[in-house]
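# Topology and contacts: notes
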Amino acid sequence: KSKKADEKLKANQAAAASKMAAMSGSAGVAGDSSLSKEIMDLKEQLRTSAKDMNIVQASVMTAEKSLKVNEITIGELEGIPMEEERKMYRGIGKMFMMQSRDEIFDHLKGEMKDDEKKLEG
């Protein structure tokens, strides 16, 4: 989703920029309101596309950061020796919930799969 959206936004920006460049050469004609209206519409389209592109980039960065954090967390947890009585806690908002090691790993791996789907799609 993010790659396709990013490509579409870049294509829209390029099309709007090329139309604006082509029209700016003939924009010297005074009183041509349709031309100036078209330029204003293209500028608005360019602003909208740039805003959408920033939103997509922010979403990608968030997913990549979450993926890295989960990978590091799994790596650190794998370094802890397995003991049946070891207590482990998973952060949930402002609280911590005691869970088994397997439940924590399952949760982290599930989050990683979700992040990977966001980056692929």
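Presented here is a report on the structure given in the accompanying data block. Computed from a predicted structure; not experimentally measured.

What follows concerns the overall build of the protein. Looking only at helices and strands, the protein features 3 helices and 2 strands. The proportion of buried residues among the 121 residues of the protein is 24%. Pairs at least 24 apart in sequence give 59% of the contacts found in the protein among residues at least 6 apart. Carbon and sulfur atoms make up 56% of the accessible area of the protein, which amounts to about 9,100 Å² in all.

For the rest of this paragraph, the subject is the side chain of Gln99. Secondary-structure assignment places Gln99 in strand β2 (residues 95-99). Of the polar contacts made by the side chain of Gln99, one reaches the side chain of Arg90; its length is 2.9 Å. Residue contacts for Gln99: discarding those within four places in its chain leaves Met88, Arg90 and Ile104.

It is worth spelling out helix α2 (residues 33-78) at this point. Across its 46 residues, α2 extends 67 Å between first and last C-alpha, which sits within 8% of the 68 Å expected from 1.5 Å per residue. Along α2, the residues that are buried comprise Leu35, Ile39, Leu42, Ser49, Met53, Val56, Val60, Ala63, Leu67, Asn70, Ile74 and Leu77.

Summarising the sheet, strand β1 (residues 88-92) and β2 pair through 5 bridges and their orientation is antiparallel. Directly across from Ile92, in β2, lies its bridge partner Met95. Hairpin remark: β1 followed by β2, antiparallel, with 2 residues in the connecting loop; positive phi at Gly93, about 65 degrees.

With that settled, the discussion passes to the packing of α2 against helix α3 (residues 101-120). Their axes nearest at 9 Å, the elements α2 and α3 cross at an angle of 155 degrees. By the angle between their axes, α2 is roughly antiparallel relative to α3. For the pair α2 and α3, the sense of crossing is left-handed. Between α2, through Val60, Ala63, Glu64, Ser66, Leu67, Asn70, Glu71, Thr73, Ile74, Leu77 and Glu78, and α3, the contact on the second element is made entirely by Arg101, Ile104, Phe105, Leu108, Lys109, Glu111, Met112, Asp115, Glu116, Lys118 and Leu119. Considering only residue class, the contact of α2 with α3 consists of 10 nonpolar, 3 polar and 9 charged.

Right, let's get into the pattern of salt bridges. Taken as a whole and judged by the stated rule, the model has 2 salt bridges. For the salt bridge of Asp41 with Lys37, the shortest nitrogen-to-oxygen distance reads 3.6 Å. Note that Asp41 and Lys37 are positioned in helix α2 at a spacing of 4 residues, about one turn of the helix. The exposure class assigned to Asp41 is partly exposed, which follows from its relative accessible area of 39%. With relative accessibility at 52%, the residue Lys37 sits in the exposed group. The residue Glu44 makes a salt bridge to Arg47 at a minimum N-O spacing of 2.8 Å. Remark: Arg47 and Glu44 occur in helix α2; sequence separation between them is 3 residues, near one turn of the helix.

On to the environment of Arg90. With respect to the helices, strands and loops of the structure, Arg90 is situated in strand β1. Classification of Arg90 by relative accessible area gives buried; the value is 19%. Placed 10 residues apart in sequence, Arg90 and Ser100 show a C-alpha to C-alpha distance of 9.4 Å.

Reading the values: the criteria
Residues numbered from 1 in each chain as written. Predicted model: local features only at pLDDT ≥ 70, side-chain atom pairs only at ≥ 80, totals over all residues. Heavy atoms only, no water. Helix = DSSP H or I, 4+ residues; strand = E, 2+ residues; numbered from the N terminus. Buried < 20%, exposed > 50% of the residue type's maximum accessible area, 1.4 Å probe, protein only. Contact = heavy atoms within 4.5 Å. Areas by Shrake-Rupley, 256 points an atom, 1.4 Å probe, with all protein chains shown as cover. Polar contact = N/O pair within 3.5 Å; in protein donor to acceptor, adjacent residues only side chain to side chain. Expected span 1.5 Å × (residues − 1). Pairing = 2+ DSSP bridges. Axes fitted to C-alpha atoms, helices over the stretch in contact; angles between N-to-C directions. Parallel < 35°, antiparallel > 145°, perpendicular 65-115°, else oblique. Left-handed = near helix turned anticlockwise from the far one by under 90°. Nonpolar A, V, L, I, M, F, W, Y, C, P; charged D, E, K, R; others polar. Salt bridge = Lys/Arg side-chain N within 4 Å of Asp/Glu carboxyl O.

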